[in-house]
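# Observations on the three-dimensional arrangement
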Amino acid sequence: MSLPQKIVWQFSVTSWSETAFHEMPEAGKLSRASIANTFSGALDGLGTLEYLFVYPITPADDVLFSGYERVVAKLGNLQGSFVLKHEGVYSPTAGVGGSLTIVANSGTGDFSGIRGQGNIIAKAGEHGGSYTLQIENQV
């Protein structure tokens, strides 16, 4: 497999369904979101993402999130899938910032054996942003 050392692509949220599963007065809430993403740029394809959120007591404070996303995409002539682990923070003023890690042994097709880490960035109020992955050397 011949992957570039760095992959940058854009995502656009095509659907978002969020449900609170635990709320307490003066303790914030916990919720789960099912999200569908469309990818463009270096990777073209789709993402199926599940997030868990920890909302603070004060709505102006940051929201913590973690989740997993199955990426099914093409990169040039290569195609397959892999899973990304997301960990990050949503700020009502700054937007999304977080880390991405390719889950070990999750790659299929031409992405079999893929490894790497990166980040997700999205501006507040927008329904998309960008992913950047640094691909580790393949053995």
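To start, this report covers the structure provided alongside it.

Here is what the cut-offs are and how they apply
- Residues numbered from 1 in each chain as written.
- Predicted model: local features only at pLDDT ≥ 70, side-chain atom pairs only at ≥ 80, totals over all residues.
- Heavy atoms only, no water.
- Helix = DSSP H or I, 4+ residues; strand = E, 2+ residues; numbered from the N terminus.
- Rg over C-alpha atoms; globule rule 2.2 N^0.38 Å.
- Salt bridge = Lys/Arg side-chain N within 4 Å of Asp/Glu carboxyl O.
- Buried < 20%, exposed > 50% of the residue type's maximum accessible area, 1.4 Å probe, protein only.

### Focus on the overall build of the chain
The helix and strand inventory of the chain stands at 0 helices and 9 strands. Listed by position from the N terminus, the elements making up the chain come as β-β-β-β-β-β-β-β-β. A compact globule built from 139 residues should have a C-alpha radius of gyration of about 14 Å, and the chain, at 16 Å, falls within 12% of that. Its C-alpha atoms give the chain principal-axis dimensions of about 50 × 25 × 25 Å.

### Some details on the pattern of salt bridges
Per the counting criterion, the structure on display carries 3 salt bridges. Across the salt bridge formed by K85 and E87, the nearest N and O atoms sit 3.9 Å from each other. The class for K85 is partly exposed, based on a relative accessible area of 33%. R115 is the salt-bridge partner of E136, the closest N and O atoms lying 3.4 Å from each other. A residue pair is termed long-range when its members are at least 10 positions apart, and E136 in the segment after β9 (128-135) and R115 in the loop between β7 (108-109) and β8 (116-122) qualify at 21 residues. Given a relative accessible area of 35%, E136 falls into the partly exposed group. Judged by relative accessible area, R115 falls into the partly exposed class, the value being 31%.

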